[in-house]
Protein chains: 2
Amino acid sequence: MDDVNANALTDTLSFRLGVLGPLVSARFAGAVEPLGVKPKHVGLMAVLSAGAPASQQELARVMSVVPSLVVGLADQLEELGAIERVRDPADRRRHRLSLTDAGRELLAACLAAAAALDAELTASLGVRDREVLLRLLGVLAREAGLPA
Amino acid sequence: MDDVNANALTDTLSFRLGVLGPLVSARFAGAVEPLGVKPKHVGLMAVLSAGAPASQQELARVMSVVPSLVVGLADQLEELGAIERVRDPADRRRHRLSLTDAGRELLAACLAAAAALDAELTASLGVRDREVLLRLLGVLAREAGLPA
DNA sequence: TATTGTTATACTCTATAACTATA
DNA sequence: TATAGTTATAGAGTATAACAATA
């Protein structure tokens, strides 16, 4: 946009999102690494935080990942004491996962890390622009059929 | 934002970008797959298109990937006839990569795919909002030290 | 000795498929 | 027979490290 001869591909939404996504993810991953979790763990906790205790199948569906992946994530979160796994008495095949108090604290710390990263990313943006950006990305997320 | 009790993590820029990025990338990858390329190939062509013929080291630096990765990408683009590799007579260690006419056509097709995806993603957005979103993401990309 | 490109190898992430137990 | 969870395996993508040619 600065250069009239700039390659138009870099001026597409798709390109910018495709480039910024991994970059932001990597920085977020680095920020929560000291907490012992990775972005996918945080995503799982966020889903649990949003609703009632869920089965691993439900988690997998909402997160758009395969159920076998949830196993490992839940294992590690359980080791950290962030979630509890209890068998559903009504259907003993199911595990009902829920956040513990420690898990809520951990999630809060991850949220703080995300907020700090947001502040860095939008350092050159006004408050108004920042709100607009967040809102428009929210629209896109819904459009794409995301739980966000 | 719709729900007052919504998990605040999903209301961060970091989270939304981290989720939307891979999703958009995957859709873009599907769109250019029939053309025989993947997003990274397109990225390489975009860099070449933006400037003068570049060495593989330069490409790697601009793309924020390791030089050994450029080797394979360039190999495949050369097989497609999209780029040319010529030894730099001034420094015979270097290869100078440049887009061919076929490469420019291929890149144009990828741009069209990106534009079509943009239209899908922003279907529920007004023209004004779409422009704003694109501009703000551009600011973020610069802030993050990206070539875009 | 330093640098470019290359090759060989390993690591991370995620998916697919096969298996166990419950239903 | 179907489903929840698990385990084992495989694939994609990318990085690290060793190497050859050139400077």
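Provided above is the structure to which this section pertains.
Residues numbered from 1 in each chain as written. Chains lettered and ligands numbered in written order. Predicted model: local features only at pLDDT ≥ 70, side-chain atom pairs only at ≥ 80, totals over all residues. Heavy atoms only, no water.

Visitor: Is there a simple way to explain the protein's contact with DNA strand D in this structure?
Guide: In the vicinity of DNA strand D there are 18 residues, among which Gln56(A), Gln57(A), Lys38(B), Ser68(B) and Arg92(B) approach most closely. Of all atoms in DNA strand D that approach within 4 Å of the protein, 70% are sugar or phosphate atoms. Of all the secondary-structure elements, those providing two or more residues to the surface near DNA strand D are α3 (56–63), α4 (67–79) and β2 (91–99) of chain A together with α4 (67–79) of chain B. Take the surface near DNA strand D: its biggest share by element is three residues, from β2(A). (Near = heavy atom within 4 Å. Helix = DSSP H or I, 4+ residues; strand = E, 2+ residues; numbered from the N terminus.)

Visitor: How should I be thinking about the pairing of strand β1 (residues 83–88) of chain A in this particular structure?
Guide: Within a regular beta strand, the side chains point alternately toward one face of the sheet and then the other, so they alternate between its two faces. All names here are of chain A. Alignment of β1 against β2, held across six bridges, turns out to be antiparallel. What sits directly across from glutamate 84, in β2, is serine 98. In textbook terms, the turn of a hairpin is the stretch between consecutive antiparallel strands, and for β1 and β2 this stretch comprises two residues. (Pairing = 2+ DSSP bridges.)

Visitor: Looking at this model, I keep getting lost on unusual backbone geometry. Mind explaining?
Guide: Peptide bonds are mostly trans, and most non-glycine residues show a negative phi. Residue and element names in this part refer to chain A. Unusually for a residue other than glycine, serine 64 sits at a positive phi of about 60°. Mapped onto the elements of the fold, serine 64 is located in the loop between α3 and α4. Note on serine 64: relative accessible area 60%, which makes it exposed. (Buried < 20%, exposed > 50% of the residue type's maximum accessible area, 1.4 Å probe, protein only.)

Visitor: How should the interface of chain B and chain A be read in this particular structure?
Guide: Interface size is commonly expressed as the accessible surface area that is lost when the partners come together. The interface of chain B with chain A comprises 48 residues on the first partner and 48 residues on the second. For the pair chain B and chain A, the two sides together bury roughly 4900 Å², of which 74% comes from carbon and sulfur. A per-residue breakdown of the area chain B buries against chain A is headed by Leu9(B), Leu13(B) and Arg16(B), which together make up 13% of the total. At the boundary of chain B and chain A, one finds two salt bridges. Here Asp129(B) and Arg135(A) are joined by a salt bridge, their closest N and O atoms 3.8 Å apart. Along the contact surface separating chain B from chain A lie ten residue pairs in polar contact (both at pLDDT 80 or more). Secondary structure elements with two or more residues in the side of chain B that touches chain A: α1 (13–32), α2 (39–50), α5 (101–121) and α6 (127–143) of chain B. Sort the elements by how many residues they give to the side of chain B that touches chain A and α6(B) lands first, with 13 residues. Broken down by class, the residue content of the side of chain B that touches chain A amounts to 29 nonpolar, ten polar and nine charged. (Contact = heavy atoms within 4.5 Å. Buried area = accessible area lost by both parts, 1.4 Å probe. Salt bridge = Lys/Arg side-chain N within 4 Å of Asp/Glu carboxyl O. Polar contact = N/O pair within 3.5 Å; in protein donor to acceptor, adjacent residues only side chain to side chain. Nonpolar A, V, L, I, M, F, W, Y, C, P; charged D, E, K, R; others polar.)

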